[in-house]
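Residue-level structure breakdown
The residues making up each chain are set out below.
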Amino acid sequence: MSDHERGKWSRPPHRGRRLRRTVGIRAMVAETQLVAAQLVAPLFVIEGTSIRTPIASMPGHYRLSVDLAAREAADLAALGVGAVLLFGIPNDKDAQGSGSWDEQGPVARAITAIKAAAPTLVVWADVCLCEYTDHGHCGILSDAGVDNDASLPLLARAAVCYARAGADVIAPSDMMDGRVAAIRAALDQAGFVDRTIVSYAVKYASAFYGPFREAAGSTPRSGDRRAYQMDAPNVREAIREAKADVAEGADVVMVKPGLPYLDVVRAVRDAVDVPVAVYQVSGEFAMLHAAADRGWIDLDAAMWETSIALRRAGASILITYFAREIAMRLSDQESRDLVRP
Ligand code: PBG
């Protein structure tokens, strides 16, 4: 008589289902968690007061004047969200992007207002010229295209302006070579040795930035960003970029976008010993909303699943347009199970 006939294999030797039986057991053995303090909420700040204009492709997100951005930041802090990441949308743009180092500009003023409204919230300032240049590129232009080295002092100037306003974290997203070193040197020289640099070290030229560019009015007027942002096929190059930025003084490195680059998050996590952040970008957020609007996916479940995937891939810090929703559910015991469907 064979084993099969004796019924030996009708009783599986391993029962993985025991650890999946109830919500409590699943939570007990979860290898990865979402942590509110490690969520970063992006905010778009505009000039004026009491202005709140919706961003069509990003449901629940608005361009906020400084006063309303400060109120929003205080709300997020009360929910336990760890940080906000500020993007400025100025009224006037020029070839140099000079609005990026304007001490009266929306970002500098928002930093100060947020620090007053929510003193413990960590304030990140994105540093890039693309929202401030009339041509929409992330550095200044010369005949040969975006001029890397000529852009560095301008980025450094913006960084110092935000540090002076009170930013805890300077987050350069321009992808110019050498900008972390230039920014570190400028911050140190201005007396801001204590401010953190989170480098968008591994930022891919991506189709998923569309809604952001609509929100910020930062679509390049001509050409694209492929000559400075990374090329999707490459992962070894991502490690080189991350290590180079750490060597230049980056305290944290970021991978962006998130979901299409989970392998890159893992590779970077394994290659460097600084914290790794990941940015679930505007197009990822918009895509989930669009499908949910049609009733094709469950938004809460997809929010949780994609967020946990980014953590599982190795990121500790999650920059996400879902920060508020995730923190709300984490802080509310009743709806906790919604975070873990
Ligand atoms: C600025 C910047 C961009 C994003 C963050 N910083 C746009 C871009 O590079 O075109 C995208 C964020 C998002 O899509 O959510 N350089």
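See the structure above.
First, a word on scope: everything that follows refers to the structure included in this document.

Conventions used here
Residues numbered from 1 in each chain as written. Predicted model: local features only at pLDDT ≥ 70, side-chain atom pairs only at ≥ 80, totals over all residues. Heavy atoms only, no water. Core = buried A, V, L, I, M, F, W, Y, C linked by side-chain atoms within 4.5 Å. Buried < 20%, exposed > 50% of the residue type's maximum accessible area, 1.4 Å probe, protein only. Helix = DSSP H or I, 4+ residues; strand = E, 2+ residues; numbered from the N terminus. Contact = heavy atoms within 4.5 Å. Pairing = 2+ DSSP bridges. Right-handed = clockwise from strand over helix to strand, strands pointing away. Polar contact = N/O pair within 3.5 Å; in protein donor to acceptor, adjacent residues only side chain to side chain. Near = heavy atom within 4 Å. Nonpolar A, V, L, I, M, F, W, Y, C, P; charged D, E, K, R; others polar. Axes fitted to C-alpha atoms, helices over the stretch in contact; angles between N-to-C directions. Parallel < 35°, antiparallel > 145°, perpendicular 65-115°, else oblique. Left-handed = near helix turned anticlockwise from the far one by under 90°. Lys, Arg positive; Asp, Glu negative; His and termini not counted. Salt bridge = Lys/Arg side-chain N within 4 Å of Asp/Glu carboxyl O. Phe/Tyr/Trp six-rings, centres within 6.5 Å; stacked < 30°, edge-to-face > 60°. Lys NZ or Arg CZ within 6 Å of the ring centre and 35° of its normal.

What to know about the nonpolar core
In this structure, V84, L86, W124, Y162, V202 and V268 are the most contacted members of the largest nonpolar core, which totals 114 residues. Per-element tally for this core: the top contributor is helix 5 (residues 148-165), with 11 residues. If near-sequence neighbours (up to four positions away) are discounted, V268 is found in contact with V202, A238, A242, V253, V255 and V276.

A look at the pairing of strand 5 (residues 122-127)
Most of strand 5 sits out of view: 5 of its 6 residues are buried. Pairing between strand 4 (residues 83-89) and strand 5: 4 bridges, direction parallel. Looking at the pairing, A83 lines up with V122 of strand 5. Handedness of the crossover is the feature at issue here: the chain leaves strand 4, passes through helix 4 (residues 106-117), returns alongside strand 5, and the resulting connection is right-handed.

Describing the side chain of R184
Along the chain, R184 turns up in helix 6 (residues 179-189). Classification of R184 as buried rests on a relative accessible area of 13%. At 2.8 Å, the side chain of R184 and the backbone oxygen of R195 are in polar contact. Residues contacting R184, with those up to four places away along its chain left out, are F192, V193, R195, I197, E248, G249 and D251.

Side note on the environment of E248
On the secondary structure map, E248 appears in helix 8 (residues 236-248). Linking E248 and A182, residues 66 residues apart in sequence, is a C-alpha distance of 8.6 Å. Residues contacting E248, with those up to four places away along its chain left out, are G178, R179, V180, A181 and R184. Only 3.3 Å separates the side chain of E248 from the backbone nitrogen of V180, close enough to count as a polar contact.

Observations concerning the site of the ligand
Taken together, 19 residues sit near the ligand, with K203, R213, K256, S282 and Y321 positioned nearest. Within the contact set of the ligand, an oxygen atom lies 3.0 Å away from a side-chain nitrogen or oxygen of R225. Class assignment for the residues of the shell around the ligand results in 10 nonpolar, 3 polar and 6 charged.

Observations regarding the packing of helix 3 (residues 66-78) against helix 4
One can describe the packing of helix 3 onto helix 4 by two numbers: an axis separation of 8 Å at closest approach and a directional angle of 40°. Considering the angle they form, helix 3 stands oblique to helix 4. Crossing of helix 3 against helix 4: the hand is right-handed. Contact with helix 3, carried on its side by V66, A69, A70, A73 and A74, involves P106, R109, A110, A113, I114 and A117 of helix 4 and no other residues of that element. Residue composition of the contact of helix 3 with helix 4, by class: 10 nonpolar, no polar and 1 charged.

Side note on the side chain of R213
Counting through the fold element by element, R213 comes out in helix 7 (residues 210-216). The buried charged residue R213 lacks any salt bridge partner; its closest oppositely charged side chain belongs to D224, at an N-O distance of 8.2 Å. In this view, R213 contacts S218, T219, P220, R225 and Q229; residues no more than four positions away in its chain are not counted.

With respect to the pattern of salt bridges
With the rule as written, the count across this model stands at 12 salt bridges. Here D251 ties to R184 by a salt bridge, and the two come within 3.9 Å at their closest N and O atoms. You can see D251 sitting in the loop between helix 8 and strand 10 (252-256) and its partner R184 sitting in helix 6, a full 67 residues away along the chain. Residue classification places D251 among the partly exposed positions, given a relative accessible area of 35%. Between D270 and R266 there is a salt bridge whose closest N-O contact spans 3.2 Å. Placement of the pair is D270 and R266 together in helix 9 (residues 262-271), with a separation of 4 residues, close to one helical turn. In this structure R266 comes out as partly exposed when scored by relative accessible area, which is 34%. Beyond isolated ion pairs, a larger network of salt bridges with shared partners links E72, D75 and R324.

Here we look at the packing of aromatic side chains
Within the structure shown, the criterion is met by 9 aromatic pairs. Pairing F285 with Y321 gives two aromatic rings, centres 5.7 Å apart and planes at 50°, and the pair type is tilted. Taken as a pair, F285 in helix 10 (residues 282-293) and Y321 in the loop between strand 12 (317-320) and helix 12 (323-331) lie far apart in primary sequence, 36 residues in all. The class of F285 is buried, set by a relative accessible area of 2%. Among the aromatic residues, ring-to-ring pairing joins F44, F87, Y200, F212, Y279, F285, Y321 and F322 into one connected group. Here the basic side chain of R52 rests over the ring of Y62, its NZ or CZ set 3.8 Å away from the ring centre.

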